[in-house]
Amino acid sequence: MNSGAEALPSPPPLPPAKRYNAVLRLYDAPVHRDWAIWATLFWCFMSAAAIATDKEHRGLPPWLDTLLASIFFTLALGVLPVWVRLRRRRRRWQSIERRASGTVPADGRDAAEVRGSRPAPDSRAAGDATAVRDSTAVRDSPGDQPAPYSPPAPYGSPSSAVPHVAAVPRAPSGALARARDGLPHPVARALRTFQQAGTARDEYEAMLEAAEHLGVAVCVTAAALLQGDSREADAASDDSRPGHPDRPGTPLLAGIQRSCLSSGAMFGTWTRGLFALRETAAQNHLLLPGFSTALRSPADPSGARDIADDLDALRAERNRTAHGDRPVSQPEAALRLAEFRPLFEHAVDSALFLDGLPWLCTVSCEYRHRERDFRVAAHAVVGDHPIFERQTYAWPIPVANDTFYVLGPNGPVTLSPFLTHAFCEQCLQMEICYLSRVRGRSGDATVKSFNRGHDIVVPDLGNDIRSLR
Ligand SMILES: [Zn+2]
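Residues numbered from 1 in each chain as written. Predicted model: local features only at pLDDT ≥ 70, side-chain atom pairs only at ≥ 80, totals over all residues.

A. Examining the sheet that holds strand β9 (residues 419-424) more closely. Strands sit in the order β9-β10-β11-β12 across an open sheet of four strands; the sheet is antiparallel. Of all the strands in the sheet, the pair left with one neighbour each is β9 and β12 (455-458). Along the sheet, successive strands turn relative to each other by an average axial angle of 50 degrees, direction set aside. In this structure, strand β10 (residues 429-438) lies alongside strand β11 (residues 445-449), joined through five bridges in antiparallel fashion. (Pairing = 2+ DSSP bridges. Helix = DSSP H or I, 4+ residues; strand = E, 2+ residues; numbered from the N terminus. Axes fitted to C-alpha atoms, helices over the stretch in contact; angles between N-to-C directions.)

B. Layout of the packing of helix α4 (residues 175-182) against helix α11 (residues 330-350). Orientation of α4 relative to α11, taken along the N-to-C sense of each, is 50 degrees, at an axis distance of 9 Å. Accordingly, the angle class assigned to the pair α4 and α11 is oblique. For the element pair α4 and α11, the recorded crossing hand is left-handed. Contact with α4, carried on its side by Ala175, Leu176 and Ala179, involves Glu345, Val348 and Asp349 of α11 and no other residues of that element. Tallied by class, residues from the contact of α4 with α11 come to four nonpolar, no polar and two charged. (Parallel < 35°, antiparallel > 145°, perpendicular 65-115°, else oblique. Left-handed = near helix turned anticlockwise from the far one by under 90°. Contact = placed C-beta atoms within 7 Å. Nonpolar A, V, L, I, M, F, W, Y, C, P; charged D, E, K, R; others polar.)

C. Structural detail: the pairing of β12. Bridging between β11 and β12 involves four bridges; their strand directions are antiparallel. Looking across to β12, one finds that alanine 445 is bridged to valine 458.

D. Spotlight on the packing of helix α10 (residues 307-322) against α11. Two elements in contact, α10 and α11, have axes whose closest approach is 9 Å; the angle formed by their N-to-C orientations is 140 degrees. With respect to each other, α10 and α11 are oriented oblique. Regarding α10 and α11, the two cross each other, and that crossing is left-handed. Between α10, through Ile307, Asp310, Leu311, Ala313, Leu314 and Glu317, and α11, the contact on the second element is made entirely by Phe340, Leu343, Phe344, His346, Ala347 and Ser350. Per-class residue counts for the contact of α10 with α11 are eight nonpolar, two polar and two charged.

E. How the structure looks around helix α1 (residues 35-52). The terminal C-alpha atoms of α1, which comprises 18 residues, lie 26 Å apart, in line with the 26 Å expected from a rise of 1.5 Å per residue. Taken together, the buried positions of α1 are Thr40, Trp43 and Ser47. Relative to the axis of α1, the buried residues are bounded by an arc of 65 degrees and lie together on one face. Of the residues in α1, the exposed ones pointing more than 90 degrees away from the buried face are Trp35, Leu41, Phe45 and Ala49. (Expected span 1.5 Å × (residues − 1). Buried ≥ 20, exposed ≤ 12 C-beta atoms within 10 Å, placed from the backbone. Arc of directions from axis to C-beta.)

Now the structure itself:
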């Protein structure tokens, strides 16, 4: 997909993201960006200086008096507040997880959120997608190119998150390489980071991040296709009333909406969205091509693992690390990696059908009188290289510029409001972001960048999320 692009220069490295309680489980990494480390150092040196310069005699040698006072005040005023912060964070995380796993009230006011193999070449659904893609693309001319949170258990204990890892079928070799070439860019880039990690701990953390991006990509693609179908149905029936329980996309879209309107979309939002998609995908092969190969049908008696099971297990592991039980050594990281890597590779292999549903970021759209269609230039947001290939299409409908679309079986469908191009003031560049949370009762919404996880406020996006159906 990005052939010939290897010679292009790589972008400059970005500042490291903040990782909570990653240092001694008390301080955030990088430590210089955590106020608590500065507070601890302040009390250490301040108490030492105060006692050392005190003229009053206490019966102890001055050096011992200074040492004891420094240790006491550092622990009492520096470390103890940080430990309290860790406890409060854990309680808050547990509260969010419990609310996420709760049932939804009928009125939906305090709704807890639904948190959260590659098709065969002769697959009918995949064939449909490919055919549409080929028929709509204009050849470029040479000049116009759901489990509730449980406290972390000791590693290897019987309550470990995934007891059936051995039953996971191994993904065929080369699946990761094909995914880096054909999956949406945020996933492909995360896979590149995973494959290029230098240590077991880096590889472990990159795996969990890539798993979350994969869940977002699959859910967002399905949500866009379902929303597009719902809008077409609205236009055909001239029925704009919200809430259509018989629409195929209702469970997924309603879950995403509830999440954004309450505590925000998280990893669990997307894994639960995948569970909700099982039945939808089984009943709508043409609307969601390829999804039924990755998701087990509820009527399937085999009980084989699918991408929803895999990513849900990885979500539980990610939550375990976020709640303070991250690997403390490289050997432990390697052990956990060995346990979860088969699940991750199986999930990536299952998601390869997404290469038939490419994400596009539109550049321009012009009406052509003779052909009576629209000539659209767009970047294919596919593959792990940050510079995207430019392609041109002839579509019967106009599209907005600088907006993400997925090229589905029935043509382009907007990925808004699920996916946004927004300027990150911390990275000082445009970022691909996914929807995260609606800010109170305002029309603004917060989106999260795939790249660094930064939160960015987008005006008016909240109204789009409220109107999802
Ligand atoms: Zn950023």
